[in-house]
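A closer look at the structure
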Amino acid sequence: MRLYALLAFRCPHCLQGKVFAGLWRMHAECPVCGIHFEREEGYFMMSVFIGYVISTALAVPLIVVCYVQRAPVWWYVGSNVLLLTLLSPLIFRYSRMIWLHLDELFDPRG
Ligand SMILES: [Zn+2]
């Protein structure tokens, strides 16, 4: 259930309310249970690191493919810039969702 809520961008507390109001914009509070998503200032800094991990996990296979194919250097850079730019909305959203759900698991709200 929690995994579905994470994948479907649902609230980490009630697992029902939508977290995002648009492609890049989050609701401040859950529309169903009313919890405030940003617990404190700088709360989402940890999601930046999760975003780095996701981006690296996406970039490394592409780099390996370029290496195996003996592609020119600009292919390494160009293909990664293209991939990560196109997927940046998903990387942004899932890094925040993973952080919200991990935080709720280890430090549940009352
Ligand atoms: Zn909720």
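Please read these numbers as outputs of a predicted model, since none were measured by experiment. (Residues numbered from 1 in each chain as written. Predicted model: local features only at pLDDT ≥ 70, side-chain atom pairs only at ≥ 80, totals over all residues.)

1. Quick notes on the overall build of the chain
Within the chain one finds 4 helices and 0 strands. For the chain, the sequential pattern of α-helices and β-strands runs α-α-α-α. For 110 residues, the compact-globule formula gives about 13 Å, and the C-alpha radius of gyration of the chain, at 17 Å, lies well above that figure. When the backbone C-alpha atoms are referred to their principal axes, the chain occupies close to 55 × 30 × 25 Å. The buried share of the chain, taken over its 110 residues, is 15%. (Helix = DSSP H or I, 4+ residues; strand = E, 2+ residues; numbered from the N terminus. Rg over C-alpha atoms; globule rule 2.2 N^0.38 Å. Buried ≥ 20, exposed ≤ 12 C-beta atoms within 10 Å, placed from the backbone.)

2. As for the nonpolar core
Core analysis: the largest hydrophobic core is formed by 6 residues, namely Cys 11, Val 19, Cys 30, Met 97, Trp 99 and Leu 100. Aside from chain neighbours lying at most four places away, what touches Cys 30 is Cys 11, His 13, Cys 14, Gly 17, Ile 35 and Phe 37. (Core = buried A, V, L, I, M, F, W, Y, C linked by C-beta atoms within 7 Å. Contact = placed C-beta atoms within 7 Å.)

3. Notes on the confidence of the model for the chain
The predicted coordinates of low-pLDDT regions are not to be read in fine detail. With 100% of its residues at a pLDDT of at least 70, the chain reaches an overall mean of 95. Mean pLDDT in the chain bottoms out at helix α3 (residues 73–86), which sits at 93, and peaks at helix α4 (residues 88–106), which reaches 97. (pLDDT = per-residue confidence, 0-100.)

4. Quick look at helix α2 (residues 45–68)
Its 24 residues place the ends of α2 35 Å apart at the C-alpha level, agreeing with the 34 Å of an ideal helix rising 1.5 Å per residue. Within α2, only 2 of the 24 residues are buried, which leaves it mostly out in the open. Arg 70 occupies a position one or two residues after α2 and carries a positive phi of about 55 degrees. (Expected span 1.5 Å × (residues − 1).)

5. Notes on α3
Between its terminal C-alpha atoms α3 stretches 20 Å, which fits the 20 Å expected from 14 residues at 1.5 Å a residue. Of all 14 residues making up α3, only 0 are buried, and the element is barely covered by its neighbours.

6. Some remarks on the environment of Val 60
Relative to the helices and strands, Val 60 is located in helix α2. Along the sequence, Val 60 and Asn 80 sit 20 residues apart, while their C-alpha atoms lie 9.2 Å from each other.

7. Regarding the environment of Ser 95
One can find Ser 95 in helix α4. Sequence separation between Ser 95 and Val 53 is 42 residues; the distance between their C-alpha atoms is 9.0 Å. Setting aside residues up to four positions removed in sequence, Ser 95 forms contacts with Ser 47, Ile 50, Gly 51 and Ile 54.

8. Quick look at the packing of α2 against α4
The relative placement of two packed helices comes down to the angle between their axes together with the axis-to-axis distance. At a closest axis distance of 8 Å, the pairing of α2 and α4 adopts a crossing angle of 125 degrees. As judged from the angle between their axes, α2 and α4 are oblique. For α2 against α4, the interelement crossing comes out right-handed. Seen from α2, the contacting residues are Met 46, Ser 47, Ile 50, Gly 51, Ile 54 and Ser 55; seen from α4, they are Ile 91, Phe 92, Tyr 94, Ser 95, Arg 96, Ile 98 and Trp 99. Residue composition of the contact of α2 with α4, grouped by class: 8 nonpolar, 4 polar and 1 charged. (Axes fitted to C-alpha atoms, helices over the stretch in contact; angles between N-to-C directions. Parallel < 35°, antiparallel > 145°, perpendicular 65-115°, else oblique. Left-handed = near helix turned anticlockwise from the far one by under 90°. Nonpolar A, V, L, I, M, F, W, Y, C, P; charged D, E, K, R; others polar.)

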